[in-house]
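Coordinate inspection notes
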Amino acid sequence: MSILLLGGSPAAVSSTGRLLDHVAEKLAERLGDIRPGHRYTKVQVRELPAHALLQAETSDLAIKRAIAAVADADAVIIATPVYKASYTGLLKAFLDLLPQDGLAGKLVLPLATGGSQSHMLALDYALRPVLHALDARHVLAGIYATSSQLVWNEGSGLAVDQAIAWRVEAGVEGLAAALHGQKSWLEQLAQAPFVAPVEPIRLAR
């Protein structure tokens, strides 16, 4: 299975990026207990060519590869800082390049960071509707953290507030269970006998 880490922060070093990496590490540990061999891919939108991104040049090689990474993923962990009560314009520019059903059949775990708890609802009111519009199979409950809940130390690394640690654990458990169930469902579907759909009965008026 393939898991895509999609970073929407414009900053090279950020709380958003650290939270994304932290969740990915916890997921890798959890999935390793279920089934080894998962493949992880990371796309940082800020690293894509700005002109091609803003001009929607889907023929650009880097843009093509990023879109293909989304298409190949079974699950997408998407992370963004919250600016002006919404996800970043950088992330929106990339999501706008995806086809209408660009997340069809995929599991999505949204992450967001912000300066205060007042921006928490941006996940549900700004980002979640877009993910559903892209036909995501299931969007899990998002994880929102403030900067004070994610403390970075050069020596010891990221210290996560206990409340966020619980949310991360729940999100990772939910995504791992859904990924495991998705594989089983696909295997069952491949083995199931084909049954022709029943034609609807048309009643005369």
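Higher on the page you've got the structure.
Worth saying up front: this structure is predicted, and the values here are computed from it rather than measured.

About the cut-offs
Residues numbered from 1 in each chain as written. Predicted model: local features only at pLDDT ≥ 70, side-chain atom pairs only at ≥ 80, totals over all residues. Heavy atoms only, no water. Salt bridge = Lys/Arg side-chain N within 4 Å of Asp/Glu carboxyl O. Helix = DSSP H or I, 4+ residues; strand = E, 2+ residues; numbered from the N terminus. Buried < 20%, exposed > 50% of the residue type's maximum accessible area, 1.4 Å probe, protein only. Pairing = 2+ DSSP bridges. Right-handed = clockwise from strand over helix to strand, strands pointing away.

1. Quick look at the pattern of salt bridges
Within the structure shown, the criterion is met by four salt bridges. Ionic pairing is found between Asp 21 and Lys 42, a salt bridge with its closest N-O pair at 2.5 Å. Here the residue Asp 21 occupies a position in helix H1 (residues 15–34), and Lys 42 occupies one in strand S2 (residues 39–44), the gap between them amounting to 21 residues. Between Asp 124 and Arg 128 there is a salt bridge; the shortest N-O distance is 3.1 Å. Remark: Arg 128 and Asp 124 occur in helix H5 (residues 122–133); sequence separation between them is four residues, near one turn of the helix.

2. Some thoughts on the pairing of strand S4 (residues 107–114)
Of all eight residues in S4, eight are buried; the element is thus mostly enclosed. Alternating residues of S4 divide into Leu 107, Leu 109, Leu 111 and Thr 113 and Val 108, Pro 110, Ala 112 and Gly 114, and every residue in both groups is buried. The pairing of strand S3 (residues 75–81) with S4 spans seven bridges and is classified as parallel. Looking at the pairing, Thr 80 lines up with Ala 112 of S4. In this region the chain leaves S3, passes through helix H4 (residues 89–95) and returns to the parallel neighbour S4; the handedness of that crossover is right-handed. Relative to strand S5 (residues 138–139), S4 is paired through two bridges, and the arrangement is parallel. Pairing of Val 108 across the sheet is with Val 139, part of S5.

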